[in-house]
Amino acid sequence: MRDDNGPIPLKVVVAGGFGVGKTTLVRALSEIPPLLTEEPLTAASVGVDDIAAVPGKNTTTVAMDFGRITVDDALILYLFGTPGQDRFWFMWDELARGSVGAVVLVDLRRVEDCFPAVDYCENRQLPFVVALNDFPGTTGFSAETVREALALAPDVPVVRMDARSDGSCLATIIALVEHALERTTVAG
Amino acid sequence: MTPDEPARHTGAGRRDDRVVPVYAVTGGRTRSSGRDLPVESLVLATDRWAGDLQKEHRMIIELAGRPVSLMEVGAALRVPVGVARVLVSDLADSGYLVVHAPAPAGVGGRPAAEVLNRLLAGLRAR
Ligand SMILES: Nc1nc2c(ncn2[C@@H]2O[C@H](COP(=O)(O)OP(=O)(O)O)[C@@H](O)[C@H]2O)c(=O)[nH]1
Ligand SMILES: [Mg+2]
């Protein structure tokens, strides 16, 4: 039932702490409105801003950070936003498997929120870029300072972006794909 | 997203606006029968005539007139993606749909360089 000559789905994971801009980034790039899905409560707590749980109910309607970019008629890129928190790791494994890689969003006022996501990517050898979101008062930090603070490997791209700008979000995704491509060349 | 467990879904709490009652469409089966389709797997309708199928199956086939992911199928039918996976598998088995799973993996299970190059070119052209 699988057909190797058909359209190809690709995915990118968008990670980072609460309020760092995941939803903003996914919506900026997606050509479809946010999906309302009905999911079991365990899975529903992922990538979700607001869970309205009803007692006695095991599923709930959630708005996923899920976006779609139809790159061409045979290549579709999906974006999955997910909070980088320990209790969501089970979710990460499924989303990260086979993905292009991850964008780890960082709010420099709360750098530590991105540590778990960075650790995860490093441990699983998932290609990732660190995207410094342009929040007020964060321009004083250089990318190099951040690289040092996060103890990033020299090849990991650190980019600045503003999740409220479509072009900026696209540039971040492009940086990730470039990096993932380099990794395939180096590794293979 | 993970293999779902809608089996414990109770009638009492069911949303009235659900398009498809979970049990009805999956015949009580709530797990995919060993098929491990990732949630981004694409579904595309074949030209097999589907006029005699039940409504929710026809909805999926209509939706799959262009490539859509399991995630999108689940959302359109208002069922968990695990249920969408079962429905899609059944329709694929009987020839109404073709499922395009992610490209054969390159190094480390990641997409191959050729695919990434195409993706890069497509994104840069935007
Ligand atoms: N200044 C600034 N605000 C941002 C940026 N990205 C997101 N925001 C704002 O930060 C808030 C939280 O963003 P959201 O996308 O909901 O974060 P999430 O919790 O990671 O999904 C929203 O009000 C956004 O408009 C950014 O790059 N710069
Ligand atoms: Mg959000």
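An unreviewed UniProt entry lists chain B under the name DUF742 domain-containing protein, from Pseudonocardia xinjiangensis.

Per an unreviewed UniProt entry, chain A goes by the name ATP-binding protein and belongs to Pseudonocardia xinjiangensis. The record held by UniProt for chain A lists under Sequence similarities (unreviewed entry) the comment "Belongs to the GPN-loop GTPase family."

1. Structural notes on the site of ligand 1
Residue and element names in this part refer to chain A. Near ligand 1 lie 15 residues; those nearest to it are Gly19, Lys22, Thr23, Thr24 and Asn133. Glycine 21 places a main-chain nitrogen or oxygen 3.0 Å from an oxygen atom of ligand 1. In the model, an oxygen atom of ligand 1 is placed 2.7 Å from a nitrogen or oxygen of the asparagine 133 side chain. In isolation ligand 1 offers 580 Å² of accessible surface; the protein chains occlude 74% of this area. The element best represented in the shell around ligand 1 is helix H1 (residues 22–29), accounting for 3 residues. Considering only residue class, the shell around ligand 1 consists of 5 nonpolar, 6 polar and 4 charged.

2. Topic: the side chain of serine 69 of chain B
Looking at the element boundaries, serine 69 of chain B is found in strand S2 (residues 68–69). Its relative accessible area of 0% is what places serine 69 of chain B among the buried residues. Ignoring anything within four residues of it in the chain, the contact list for serine 69 of chain B reads Phe66 and Tyr78 of chain A together with Val39, Glu40, Ser41 and Leu42 of chain B.

3. So, the sheet that holds strand S1 (residues 42–45) of chain B
Read across the sheet, 3 strands follow the order S2-S1-S3 (chain B) without closing on themselves; strand pairing throughout is antiparallel. Every other strand in the sheet has two partners, leaving S2 and strand S3 (97–100) of chain B as the edge strands with one partner each.

4. Observations regarding unusual backbone geometry
Among all residues save glycine, negative phi is the norm, and among peptide bonds the norm is trans. Although it is not a glycine, alanine 151 of chain A adopts a positive phi angle of roughly 50°. Residue position: alanine 151 of chain A is located in the loop between helix H5 (143–149) and strand S8 (158–161). With relative accessibility at 61%, the residue alanine 151 of chain A sits in the exposed group. At arginine 78 of chain B, a position not held by glycine, the phi torsion is positive, near 60°. Inspection of the secondary structure puts arginine 78 of chain B in the loop between helix H3 (70–77) and helix H4 (81–93). Take arginine 78 of chain B: its relative accessible area is 30%, and that puts it in the partly exposed class.

Definitions and cut-offs
Residues numbered from 1 in each chain as written. Chains lettered and ligands numbered in written order. Predicted model: local features only at pLDDT ≥ 70, side-chain atom pairs only at ≥ 80, totals over all residues. Heavy atoms only, no water. UniProt positions renumbered as here; feature names shortened; annotations may be inferred. Near = heavy atom within 4 Å. Polar contact = N/O pair within 3.5 Å; in protein donor to acceptor, adjacent residues only side chain to side chain. Areas by Shrake-Rupley, 256 points an atom, 1.4 Å probe, with all protein chains shown as cover. Helix = DSSP H or I, 4+ residues; strand = E, 2+ residues; numbered from the N terminus. Nonpolar A, V, L, I, M, F, W, Y, C, P; charged D, E, K, R; others polar. Buried < 20%, exposed > 50% of the residue type's maximum accessible area, 1.4 Å probe, protein only. Contact = heavy atoms within 4.5 Å. Pairing = 2+ DSSP bridges.

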